[in-house]
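# Inside the fold
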Amino acid sequence: DVLTGAVGPSGRLPLTFPDVENEVNFTKAQWPGVGGFGIFRTATYSERLNVGYRWYASTGVQPAYPFGHGLSYSTVEYSALAASATQVQFKVKNTGAAAAVEVPQVYLRFPEGAGEPPLQLKGFARESLEPGVERTVVVGLNDRSVSIWDVGVH
């Protein structure tokens, strides 16, 4: 049904696909690890928190297909963005001729001094929209959404 257009594709990628082989320039110490054999190798996570989509955000490199990427037989439009400490609200409208499933994602950016990756996924929603339909979407944020882990305190 997806190939014929009777049903729109609505899946989203759970990881990022690079544009070229070893785009992140892993060293052998990072992958597959050094010493030992197989699962007994030791991997060094020198990229710290900048793993996956966070690495791409921190370096500005454009992947072939980013985390959360998905396809549709329709188009959508976002508007009326409003944010507070507890939620992000906006409107999403299906502007195409086919039904669509949209998965809006909310990313937060922390101050540079916080030592956090530049963008972090903090919430998402899934909206099924018939052609011409507009909905208000609210993505809630809690205390953990806007917190960072401080090794010195914890």
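Reference entry: report on the structure contained in this document.

Conventions and cut-offs
Residues numbered from 1 in each chain as written. Predicted model: local features only at pLDDT ≥ 70, side-chain atom pairs only at ≥ 80, totals over all residues. Heavy atoms only, no water. Helix = DSSP H or I, 4+ residues; strand = E, 2+ residues; numbered from the N terminus. Pairing = 2+ DSSP bridges. Axes fitted to C-alpha atoms, helices over the stretch in contact; angles between N-to-C directions. Patch = residues over 30% accessible without salt bridge, like charges linked within 9 Å, V, L, I, M, F, W, Y side chains within 5 Å. Areas by Shrake-Rupley, 256 points an atom, 1.4 Å probe, with all protein chains shown as cover. Salt bridge = Lys/Arg side-chain N within 4 Å of Asp/Glu carboxyl O. Buried < 20%, exposed > 50% of the residue type's maximum accessible area, 1.4 Å probe, protein only.

Bringing unusual backbone geometry into the picture now. The linkage connecting Trp31 with the following residue, Pro32, adopts the cis geometry, with an omega of 10°. By the secondary structure assignment, Pro32 is in the segment before α1 (53–59). Here Asn22, not a glycine, exhibits a phi torsion of approximately 50°, which is positive. Positionally, Asn22 belongs in the segment before α1.

Spatially, β1-β2-β7 is the arrangement adopted by the 3 strands of the open sheet, whose pairing is antiparallel. Each edge of the open sheet carries a strand with a single partner, namely β1 (76–83) and β7 (134–140). Neighbouring strand axes in the sheet, compared pairwise and without regard to direction, differ in orientation by 20° on average. Direction of pairing for β1 relative to strand β2 (residues 87–94): antiparallel, over a ladder of 6 bridges. Within β2, the residue paired with Ala82 across the bridge is Gln89.

Moving on, we come to a nonpolar patch on the surface. Together, Val2, Val7 and Tyr73 make up an exposed nonpolar region whose accessible area comes to about 250 Å². Locating Tyr73 in the fold gives a position in the loop between α1 and β1.

Moving on to the pattern of salt bridges. For the structure shown, the criterion picks out 2 salt bridges. For Glu102, the salt bridge goes to Arg12, with nearest N and O atoms at 3.6 Å. Residue Glu102 is located in strand β3 (residues 100–102), and its partner Arg12 is located in the segment before α1; the two are separated by 90 residues in the primary sequence. The partner of Arg135 in a salt bridge is Glu127, with the nearest N and O atoms 3.6 Å apart. Judged by relative accessible area, which is 34%, Arg135 ranks as partly exposed.

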